[in-house]
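Below, each chain spelled out in residue letters.
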Amino acid sequence: MRLLELTTEKFPNKCLAEEINTLREDLNRIVTYWRQDAKDPLLQQFLDEIKRHIFDLYMDSVTLYLNEADSGFLNEMKKKANKKGDSWEWEEVRRKLENYVSEEALASLGIDDDTDRYYRIYDDHMEYLQRLFYHLATMGQLKNREVESIKQLLLTPTVDSVDQQVIVTALTLTGLRTFDIRKFDILAHTVLYSEDVRVKERALVGFVFSMGTDMQLIFPEYQTIFDSVMDHEELRDEVLEMQMQVIYSMNAKADSRTLREEIMPEMMKNMPFKYKNGKIEEKEEDPMDDILGNDKTEKIEEKMHIMIDRMNDMRNKGADLFFSDFAQVKDYPFFSEMCNWFLPFSINHKEVRKVATTPEIKNIIELFTRESMTCDSDNYSYAFAFAQVANKIPTHILEALSTVPTTSLDEDLAASIVRRNYIQSLYRFFNLFKWTNGYFTPFSYNKERYDTPKEKSECVFMLNPLFVKAPWFGDLYPSFLLFFSKYFNKDDKEWFDAITRVTWPMAHSFEGEMAMGVFLLKLNHQVKQAEECFRLALKHRPNSAVAMKKLAYTLNGVNDEEAFQLLMNAQGLQPDNEALCFDVAKKGFETGHFEEVIPLLYELYYKRQDDREVKEMLASSLLLNGQIDKSEEIFDKVYDERVEMSEYTAFYVAATWLKTDSVRQTHEMINEKDIDIESVLTASIWERPQGKYLRKLFDSHGISVEETYLLFHY
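Predicted, not measured: the structure shown is a model, and the values here were computed from it.

So, how was this worked out
- Residues numbered from 1 in each chain as written.
- Predicted model: local features only at pLDDT ≥ 70, side-chain atom pairs only at ≥ 80, totals over all residues.
- Heavy atoms only, no water.
- Helix = DSSP H or I, 4+ residues; strand = E, 2+ residues; numbered from the N terminus.
- Buried < 20%, exposed > 50% of the residue type's maximum accessible area, 1.4 Å probe, protein only.
- Contact = heavy atoms within 4.5 Å.
- Areas by Shrake-Rupley, 256 points an atom, 1.4 Å probe, with all protein chains shown as cover.
- Expected span 1.5 Å × (residues − 1).
- Polar contact = N/O pair within 3.5 Å; in protein donor to acceptor, adjacent residues only side chain to side chain.
- Patch = residues over 30% accessible without salt bridge, like charges linked within 9 Å, V, L, I, M, F, W, Y side chains within 5 Å.
- Salt bridge = Lys/Arg side-chain N within 4 Å of Asp/Glu carboxyl O.
- Lys, Arg positive; Asp, Glu negative; His and termini not counted.
- Charge placed at Lys NZ, Arg CZ, Asp CG, Glu CD.
- Core = buried A, V, L, I, M, F, W, Y, C linked by side-chain atoms within 4.5 Å.
- Phe/Tyr/Trp six-rings, centres within 6.5 Å; stacked < 30°, edge-to-face > 60°.
- Lys NZ or Arg CZ within 6 Å of the ring centre and 35° of its normal.
- Axes fitted to C-alpha atoms, helices over the stretch in contact; angles between N-to-C directions.
- Parallel < 35°, antiparallel > 145°, perpendicular 65-115°, else oblique.
- Left-handed = near helix turned anticlockwise from the far one by under 90°.
- Nonpolar A, V, L, I, M, F, W, Y, C, P; charged D, E, K, R; others polar.
- pLDDT = per-residue confidence, 0-100.

Participant: Sorry, what's going on with the overall build of the chain here?
Facilitator: Per the secondary structure count, the chain includes 37 helices and two strands. Taken across its 714 residues, the chain has 50% of its residues classed as buried. Across the chain, every contact between residues at least 6 apart in sequence was considered, and the portion connecting residues at least 24 apart equals 69%. When the accessible surface of the chain is summed, it comes to about 35300 Å², and 50% of that surface belongs to carbon and sulfur atoms.

This is the structure:
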């Protein structure tokens with residue numbers, strides 16, 4: 001209470017001050033009554049109500065403070081919201097929104113062929129929607145009496161989907177900076193009952209971003225609201241996917257660089273157009289290609305398909321490919337209005353109509369943006385950018401492009417794509433719009449909020465205790481941990497610090513043990529604990545080659561013999577896995593299992609004819625298995641191609657010595673190949689299995705320890 005009074009002293013507000021004084025009087029009256037030992041059965045209820053009231057007032061005071069950020073930008077937006085004297089009572093808001101739907105429908109029929117009338121109705125409504133957005137985006141806590149009206153408005157089919165989406169976004173932005181149990185409840189209700197995928201997915205993002213932390217002490221219904229959504233398995237899967245999409249969006253600059261530096265240059269090189277003298281022209285085909293039977297066209301198409309497939313694969317995984325490119329168009333006047341960053345794309349928007357000046361340009365813009373794989377913000381950017389170059393494209397090419405057929409959005413992917421695109425629009429707003437200091441971005445680590453601990457990681461929202469303590473989290477977090485273990489490393493200190501503070505639930509499943517093992521191994525480097533996880537995973541699934549490989553990795557240098565046997569077993573389950581075959585051969589060579597690995601190395605020798613290490617390892621294994629002639633033959637071929645020092649060079653020297661039985665010839669080879677003899681055979685090799693086998697070979701050929709020392713170290 002005292003903190004609230006201090007805040008209003010620093011940021012005076014008459015209405016808020018009056019409410020605080022009234023609240024102080026009520027609290028004093030209750031405390032005085034209580035101190036007289038009066039037993040009021042309604043005391044706890046009164047205290048709970050006052051507690052909620054204090055919280056609401058404090059959040060309202062924070063809102064006033066944040067509205068002053070960026071030289072009072074949000075206060076100016078609040079004035080803009082009220083400049084026409086609109087009523088913001090929800091019954092009146094709904095009436096206006098429903099009237100628009102009726103008027104727009106009648107005007108779109110074109111009975112009187114008055115296109116201007118349709119656009120007047122549309123433009124007037126967009127201005128009203130913008131004012132409504134600014135009213136909501138600058139407001140404090142909702143009142144209890146408003147909740148039911150907003151819930152109904154967001155579900156009714158008599159209100160346009162675009163209007164509902166914009167309202168949801170405004171509630172999300174204010175919910176991001178101060179927790180509001182009523183907004184949280186409204187967004188949860190919309191997630192559960194909306195039949196419009198675009199409204200529902202925006203609400204899901206808002207629900208997650210505005211959930212706050214540890215609000216049960218003030219709002220007993222907080223946990224119930226959370227559970228009402230998250231008790232649905234399909235929604236839990238969506239939230240997990242959303243977590244990944246948020247992290248992907250934060251890698252937008254790197255993904256854009258991949259597109260710009262690797263994919264687009266290759267695609268442009270193979271396009272049938274060229275840019276010459278400020279104009280786009282078709283490339284002339286070489287008539288000799290057909291005569292000579294060249295398959296140049298087919299090769300170009302193949303390269304194009306490879307690049308397109310690569311781009312689509314990145315995009316389907318959630319990569320944000322166009323951030324950097326479209327970021328350069330965000331200085332267009334359209335984006336000076338905060339509301340426009342979240343507006344669903346429409347070819348009818350006044351600013352788009354200004355640039356879509358011909359049917360061809362309009363058709364191409366619609367073609368690109370219809371069921372688009374890019375976010376609404378980028379669709380507007382595309383419209384403005386394309387219009388600037390359209391006059392440089394030959395008319396016949398424009399006409400051809402405008403008739404390309406489009407494909408519908410896959411219903412199974414629709415929710416995922418809609419959500420991802422919306423997250424990308426939010427990411428662009430928080431990174432490119434210059435007046436965002438009045439809000440808190442969800443795309444950061446350890447961002448201070450007024451209702452959560454400072455150490456909370458905003459972007460890794462699944463670290464919220466609501467998730468971690470949930471009874472179903474044990475089923476969800478394996479995928480969560482595996483994703484983060486793959487995506488991050490220990491150098492990502494902010495994220496690492498956040499995730500290592502979490503007390504993870506016990507994982508009584510194969511997936512859970514594997515996920516925890518990977519996490520412990522990669523990020524914490526807790527090898528012994530990871531080993532235990534992989535052993536438990538193998539108890540759940542004894543024939544898992546993946547678990548065997550992971551367990552073998554933890555045993556490197558600790559129990560190499562068991563590691564080799566595990567890899568051998570895994571290779572038996574995956575005989576066509578070349579990488580695993582190599583790992584088995586390597587570990588077998590290190591542990592002295594030459595007879596077992598020679599067949600594997602021969603197989604790799606023929607499959608990987610350019611792999612020098614395979615050749616050297618095979619030659620070394622043959623040598624240590626007593627097959628000196630075959631060993632020396634392979635070594636000669638390797639070193640005739642290129643002299644290069646490696647851990648196997650010592651075995652080449654040994655093979656030459658044993659084959660020739662001549663120190664002189666061996667020294668001649670060493671000098672001819674310019675081998676640094678002292679560097680290729682360190683003292684530690686004699687402690688390893690290979691060294692022990694090499695010692696036995698030397699002994700069997702009558703070469704003493706002293707002679708070995710003289711050759712290699714003198």
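Participant: I keep staring at helix α29 (residues 578–591) and nothing clicks. Help me out?
Facilitator: One turn of the α-helix equals 3.6 residues, which is why residues spaced by three or four share an orientation. The end-to-end C-alpha separation of α29 is 20 Å, in line with the 20 Å expected for 14 residues at 1.5 Å each. Here α29 has its buried residues at L580, C581, F582, V584, A585, K586, K587, G588, F589 and T591. The inward-facing, buried residues of α29 abut α27 (545–554), α28 (560–573), α30 (594–607), α31 (612–624), α33 (649–660) and α36 (689–700). Sitting at the amino-terminal end of α29 is N577, which places a side-chain oxygen 3.2 Å from the backbone nitrogen of A579. Immediately downstream of α29, the backbone of G592 shows phi near 85 degrees, a positive value.

Participant: Any chance you could explain the side chain of E238 here in plain terms?
Facilitator: In this fold, E238 is placed in helix α12 (residues 233–249). Here E238 falls in the buried class, since its relative accessible area comes to 15%. Contacts of E238, omitting those with residues within four sequence positions, involve E201, L204, A415 and R419.

Participant: Looking at this structure, I do not really get a negative patch on the surface. What am I missing?
Facilitator: On the surface, a cluster of negative charge is made up of E233, E234, D237 and D475. The element that contributes the greatest number of residues to the negative patch is α12, accounting for three residues. As for its placement among the helices and strands, E234 is situated in helix α12.

Participant: Explanation requested: the pattern of salt bridges in the structure shown.
Facilitator: A side chain of one charge can pair with a side chain of the opposite charge when the charged atoms of the two come close. Tallied over the entire structure, the rule returns 37 salt bridges. Measuring nitrogen to oxygen at the nearest pair gives 3.8 Å for the salt bridge that ties K51 to D48. Residue K51 and its partner D48 are both found in helix α3 (residues 43–67); the two are separated by three residues, about one turn of the helix. On the basis of relative accessibility, which here comes to 32%, the residue K51 falls in the partly exposed class. Look at D48 and you get partly exposed, because its relative accessible area is 30%. One salt bridge in this structure joins K354 and E351, with 3.2 Å as the shortest N-O distance. Taken as a pair, K354 and E351 lie in helix α17 (residues 350–355) at a separation of three residues, close to a single helical turn. For K354, a relative accessible area of 53% corresponds to the exposed category. Ionic contacts of the salt-bridge type, sharing partners, join the residues D56, D180, R182 and K183 into one network.

Participant: I would appreciate a short explanation of unusual backbone geometry in the present structure.
Facilitator: Note on backbone geometry: most residues besides glycine have negative phi, and most peptide bonds are trans. Even without a glycine there, the phi angle at D214 is positive, about 55 degrees. One can find D214 in the loop between α10 (197–209) and α11 (221–230). Positive phi outside glycine occurs at D674, with the angle close to 55 degrees. Following the sequence through the fold, D674 ends up in the loop between α34 (663–673) and α35 (677–680). Under the relative-accessibility criterion, D674 is labelled exposed at 64%.

Participant: For this particular structure, what's the right way to read the nonpolar core?
Facilitator: Generally speaking, a soluble globular protein has its nonpolar side chains buried in company with each other. Ranked by internal contacts, the top residues of the largest apolar core, which has 193 residues, are F133, F207, M338, F467, F473 and F480. When residues in this core are grouped by element, the largest group, 12 residues, is from helix α6 (residues 115–137). Excluding residues that lie within four positions of it along the chain, M338 makes contacts with F73, L74, F133, Y134, A137, F429, F433 and Y439. By size, the runner-up hydrophobic cluster in this structure holds eight residues, among which are I20, L23, L27 and L57.

Participant: Would you mind showing me how to read the environment of R177 here?
Facilitator: By the element assignment, R177 lies in helix α8 (residues 161–177). Taking C-alpha positions, R177 is 5.4 Å from F440, a pair spaced 263 residues apart along the chain. Leaving out residues up to four positions away in the same chain, R177 has contacts with T63, L66, N67, L74, A137, T138, M139, G438, Y439 and F440.

Participant: Help me understand the packing of aromatic side chains, please; the structure alone is not making it clear to me.
Facilitator: The way to describe two aromatic rings as a pair is by their centre distance and the angle between their planes. Scanning all chains against the criterion turns up 48 aromatic pairs. On the basis of an interplanar angle of 80 degrees and a centroid distance of 5.9 Å, the ring pair of F589 and F651 is categorised as edge-to-face. Taken together, the residues F589 in helix α29 and F651 in helix α33 connect sequence positions 62 residues apart. Neither F589 nor F651 differs from the other in exposure class; each is buried. In this structure, R353 packs its charged tip against the face of Y119, placed 4.0 Å from the ring centre. The ring of Y693 carries the charged tip of K696 above its face, separated from the ring centre by 5.4 Å.

Participant: Where do I start with the packing of helix α5 (residues 90–108) against helix α7 (residues 144–155) in this structure?
Facilitator: Two numbers describe a pair of packed helices, the interaxial angle and the distance between the axes. Where α5 contacts α7, the two axes come as close as 10 Å, and the packing angle between them is 15 degrees. The angle between α5 and α7 falls in the class roughly parallel. You can see that α5 and α7 cross each other, and the crossing is right-handed. Seen from α5, the contacting residues are W90, E91, V93, R94 and L97; seen from α7, they are E146, S149, I150, Q152 and L153. Class assignment of the residues belonging to the contact of α5 with α7 gives a composition of five nonpolar, two polar and three charged.

Participant: Any chance you could explain the environment of E561 here in plain terms?
Facilitator: Position of E561 relative to the elements: it lies in helix α28. Judged by its relative accessible area of 37%, E561 falls in the partly exposed class. Taking the C-alpha atoms as reference, E561 lies 8.6 Å from K587; in sequence the two are 26 residues apart. Excluding residues within four positions of it along the chain, E561 makes contact with T591 and H593.

Participant: For this particular structure, what's the right way to read the confidence of the model for the chain?
Facilitator: Regions with low pLDDT should not have their predicted coordinates read in detail. Looking at the chain, pLDDT values average 83 and 79% of them are 70 or higher. Note that pLDDT drops below 50 for residues 447–456; the model gives that stretch 34 contacts with residues more than four away or on any other chain.

Participant: Sorry if this is basic, but what is going on with the side chain of Q245 here?
Facilitator: Looking at where Q245 falls in the secondary structure, it is placed in helix α12. Judged by relative accessible area, which is 7%, Q245 ranks as buried.

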